[in-house]
Each structure stands twice: as C-alpha cells, then as structure tokens.
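One-letter residues, chain by chain:
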Amino acid sequence: MKLNVRYQCMQSTCPDENVEANIAVVEAAFDLNPAETALVLVDVWGGHHIKSHYERTGRIMSEKIRPCIEAARACGIAVVYAPSPHVAEVYPQWTRYAGESQINPGPDTPDDGWPPPEYRRREGKYATLRRPDNERMNGYTGSLPDWWHIRDIASSIAPEPEDFVVATGDQLHRLLRHNRLVHLIYAGFATNICVIYRDYGLQAMRHRGYFPMLLRDCTTAVETGATVSDFTITNTVIADLERWFPTTDSAEFLAACGQAG
C-alpha cells in the first residue's frame, strides 16, 4: 500500500539559509506492506473526567477512527489497542503478550528513598509546591456521572477477538517482534499527553527503533480555555511532532487500505 504523508523539514541550500522560517511541510509517499503494519490506538477510552474532551473524542472515534479500524482489518493491518494498564486488563486479549511479572505481579520494587518522601507528598518545606489536580473540580461532593469514569475502551470501536490489546510498551514490542510488524500508525488521545509520553507512545517507540506515524484527524489534545476555540494545542503539537514523525489523515489511510485490498 502507498500512504501519502507529510513532515516538517528544513528547506535550505546553504548554512545562512538554515533558519526556522525555512522549516516547512514536505510531502512524501511511503510504501508499506500491510502484513508489516499495525494501527496503534492509544487510550481510546469510553469515559473521561473532562466532559468536552470526552464528547470530542467520542465523535472522533465514531466518525474517523472506526472507519480506519474497519479498513485496517479488511486489508490485513493488525489492530492494536493500548488503553493503559488498568483498562487493558479488562480484555482477555491483553494476556497474549503480557510478561509473567504483569500477569502475576510481585511486591513493588523498593525505591532508594530519593526524591525524599516529604518532597513526593509536597509536605513540610515542600508544601508550597502542592497544587490542585489541574483537571478536576474543587470541593464537589456530589455523585459522578457514568461518563466520568475510565473503565473500558469506547463501545463504538470495541476490539474484536482477533485484535490485540496491550498494557505496556514492553508488551507492544513483544507483539510487534513476534508478528514481524515494523510500521506503526497511531491514533488516539490525548495528542499532547499519552500519545507522546506513554511507554507505548510515539517517543518511546521511536527510541526502540521504530518510525511511527500519526493520523492527524484521529487525535486531539486536552485544550485550555484560551485554546479550545481553535484547537491551538492540538495543531501546535502535531506541527511539532512532524519534526520527528510523519503524519497523514484518515482519508489518505482509507485510500491506501482500499488500494491494498
């Protein structure tokens, strides 16, 4: 399959031209073997405690990600759900590539005492470092709606028995190695948090030697009051990620899958 992508690259011909103003989008076409490709779905949850984010991700999953999953299955691309450890363990598929220590965890490894416990708890002389949870309500004591809880993968894109579910980056790597998969195409949430920083996210897998790609319209960031009107954080993070990771969109992915099929 031939997948059209873009990335950010310096457009200069001499040292004096090597300036930020010359960093611009480059388009390319990648040749991918579907049998060597995985669609990796990061934290595609059925709930979230930020209501607007929950509603927006729900629309993206049903309108954008679900067609990509269906197309991937049809053309032989592996579908891999990476929904965080406590959610992964809801699904029987997660044990397929889990290590023994994951399935039968032993006692926590003792730490060496640093940073000090007082610092970790933001107590004593470190108390001024303490801050409220930056995404939750202050002082609310009422009941919480069902959508608040992160318990499972969204029902609109629930995994099929033949799909994969992983809890960690180690598990994802074992799955990829066993199935001889090298091309990773990412979708999921949030663009500025888990998609980047999870141990199965973009940066971690890049450091393992993979060359991940991102579906731009199959992700969104957690925005703020100053950015949610035009999705500044989402767009800025994607542009920054394109310095390291090629991106494409669901239309290009569906077209490539259709040609492969």
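In this text, all values refer to a predicted model and were calculated from it rather than measured experimentally. (Residues numbered from 1 in each chain as written. Predicted model: local features only at pLDDT ≥ 70, side-chain atom pairs only at ≥ 80, totals over all residues. Heavy atoms only, no water.)

### A short note on the packing of helix α1 (residues 51-75) against helix α9 (residues 250-260)
Axis separation between α1 and α9 bottoms out at 9 Å; the angle between their running directions is 20 degrees. When the axis of α1 is compared with that of α9, the two are roughly parallel. Crossing of α1 against α9: the hand is left-handed. From α1, Lys64, Pro67, Cys68, Ala71, Ala72 and Cys75 reach across to α9, where they touch Ser250, Phe253, Leu254, Cys257 and Ala260. Per-class residue counts for the contact of α1 with α9 are nine nonpolar, one polar and one charged. (Axes fitted to C-alpha atoms, helices over the stretch in contact; angles between N-to-C directions. Helix = DSSP H or I, 4+ residues; strand = E, 2+ residues; numbered from the N terminus. Parallel < 35°, antiparallel > 145°, perpendicular 65-115°, else oblique. Left-handed = near helix turned anticlockwise from the far one by under 90°. Contact = heavy atoms within 4.5 Å. Nonpolar A, V, L, I, M, F, W, Y, C, P; charged D, E, K, R; others polar.)

### Side note on the packing of aromatic side chains
What characterises a pair of aromatic rings is the spacing of the ring centres plus the angle enclosed by the ring planes. The full count for this structure, using the stated rule, is five aromatic pairs. On the numbers, 6.0 Å between centres and 40 degrees between planes, the contact of Phe30 with Phe211 is tilted. A residue pair is termed long-range when its members are at least 10 positions apart, and Phe30 in strand β2 (residues 23-31) and Phe211 in the loop between α7 (202-207) and β7 (213-220) qualify at 181 residues. Judged by its relative accessible area of 45%, Phe211 is partly exposed. (Phe/Tyr/Trp six-rings, centres within 6.5 Å; stacked < 30°, edge-to-face > 60°. Buried < 20%, exposed > 50% of the residue type's maximum accessible area, 1.4 Å probe, protein only.)

### Some thoughts on the pairing of strand β6 (residues 183-189)
Counting buried residues along β6, seven of its seven residues qualify, which places the element largely inside the surrounding structure. Here β6 shows no split at all, with His183, Ile185, Ala187 and Phe189 on one side and Leu184, Tyr186 and Gly188 on the other all buried. Sheet topology note: the strand β3 (residues 37-42)/β6 ladder contains six bridges and is parallel. Looking at β6, one finds that Thr37 is bridged to His183. Relative to β7, β6 runs parallel, the two being bridged by four bridges. Directly across from Gly188, in β7, lies its bridge partner Thr219. (Pairing = 2+ DSSP bridges.)

### Some remarks on unusual backbone geometry
A cis amide bond links Trp114 with the next residue in sequence, Pro115, at an omega value of 0 degrees. Within the secondary structure, Pro115 sits in the loop between α3 (100-103) and α4 (117-120). Omega for the peptide link from Phe189 to Ala190 comes to -20 degrees, which places this bond in the cis form. Among the secondary structure elements, Ala190 is positioned in the loop between β6 and α6 (194-197). Unusually for a residue other than glycine, Asp43 sits at a positive phi of about 45 degrees. Relative to the helices and strands, Asp43 resides in the loop between β3 and α1. By relative accessible area, which is 2% here, Asp43 ends up buried. Of note, the phi angle at Arg122 is positive, near 55 degrees, even though the residue is not glycine. Mapping Arg122 onto the fold places it in the loop between α4 and β5 (164-165).

### Quick notes on the pattern of salt bridges
Under the defined criterion, the tally for this structure stands at nine salt bridges. The residue Arg6 makes a salt bridge to Glu242 at a minimum N-O spacing of 2.6 Å. Taken together, the positions of Arg6 in strand β1 (residues 2-10) and Glu242 in the loop between α8 (232-241) and β8 (247-248) put the pair 236 residues apart, joining distant regions of the chain. In this structure Arg6 comes out as partly exposed when scored by relative accessible area, which is 27%. (Salt bridge = Lys/Arg side-chain N within 4 Å of Asp/Glu carboxyl O.)

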